[in-house]
Amino acid sequence: MHHRRGGPPGPVDMNTRFILEDTPYGLVFAEAIARKAGIALPLHSASITLASAVWQCDLREQKDVLPSLKLDTLSFTEFTRSLKEGVTPHRHTLANRKAPDRRRL
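Residues numbered from 1 in each chain as written. Predicted model: local features only at pLDDT ≥ 70, side-chain atom pairs only at ≥ 80, totals over all residues. Heavy atoms only, no water.

So, on to unusual backbone geometry. Of all residues except glycine, most have a negative phi; of all peptide bonds, most are trans. Unusually for a residue other than glycine, Q56 sits at a positive phi of about 55°. As for its placement among the helices and strands, Q56 is situated in the loop between helix 4 (42–55) and helix 5 (65–69). Taking relative accessible area as the criterion, Q56 reaches 74% and is therefore assigned exposed. (Helix = DSSP H or I, 4+ residues; strand = E, 2+ residues; numbered from the N terminus. Buried < 20%, exposed > 50% of the residue type's maximum accessible area, 1.4 Å probe, protein only.)

Take a look at the structure:
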């Protein structure tokens, strides 16, 4: 694959999406979900902390997905229900609406 692309087999500088995108949207997301479930991910956490130190920014704060999910406001029961049923940004305003018939989707 490297030969077909005509380039190096990996990133050529430190500003690679493997860190600047995958860390906040992948590792940080996994860390937050695991924390809510009471599961420790020490290697994820250490990787996030180390990458944040190298880039001199808090990669845990570089995402916009987690605040919209409002995980910190959900009870564990609500959290597990949202994993099964999905997350609606306005769940509290839609709670009394009939769910769509998924057979027609």
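So much for the structure itself; the text now carries on.
On to the nonpolar core, then. Counting 6 residues, the largest nonpolar core is built from V28, A32, I48, L66, L71 and F79. When residues no more than four places from it in sequence are discounted, the contact partners of L71 are A32, I33, K36, L66 and F79. (Core = buried A, V, L, I, M, F, W, Y, C linked by side-chain atoms within 4.5 Å. Contact = heavy atoms within 4.5 Å.)

If you walk through the whole model with that rule in mind, you get 1 aromatic pair. Taking 6.1 Å as the distance between ring centres and 45° as the angle between the ring planes, the aromatic pair formed by F76 and F79 counts as tilted. Here F79 and F76 lie together in helix 6 (residues 76–85), a separation of 3 residues that amounts to about one turn. One cation-aromatic arrangement involves R17 over F18; the distance from NZ or CZ to the ring centre is 4.4 Å. (Phe/Tyr/Trp six-rings, centres within 6.5 Å; stacked < 30°, edge-to-face > 60°. Lys NZ or Arg CZ within 6 Å of the ring centre and 35° of its normal.)

A word on helix 4. Taking 1.5 Å of rise per residue, 14 residues should cover 20 Å, and helix 4 covers 20 Å from first to last C-alpha, within 8% of that figure. The complete set of buried residues in helix 4 reads I48, A51 and S52. All buried residues of helix 4 lie within an arc of 100° about the axis, which places them on one face of the element. Facing away from the buried side of helix 4 by more than 90 degrees, the exposed set consists of P42, L43, L50 and A53. On its buried face, helix 4 sits against helix 2 (17–20) and helix 3 (22–36). Of the residues one or two after helix 4, Q56 is the one with positive phi, at around 55°. (Expected span 1.5 Å × (residues − 1). Arc of directions from axis to C-beta.)

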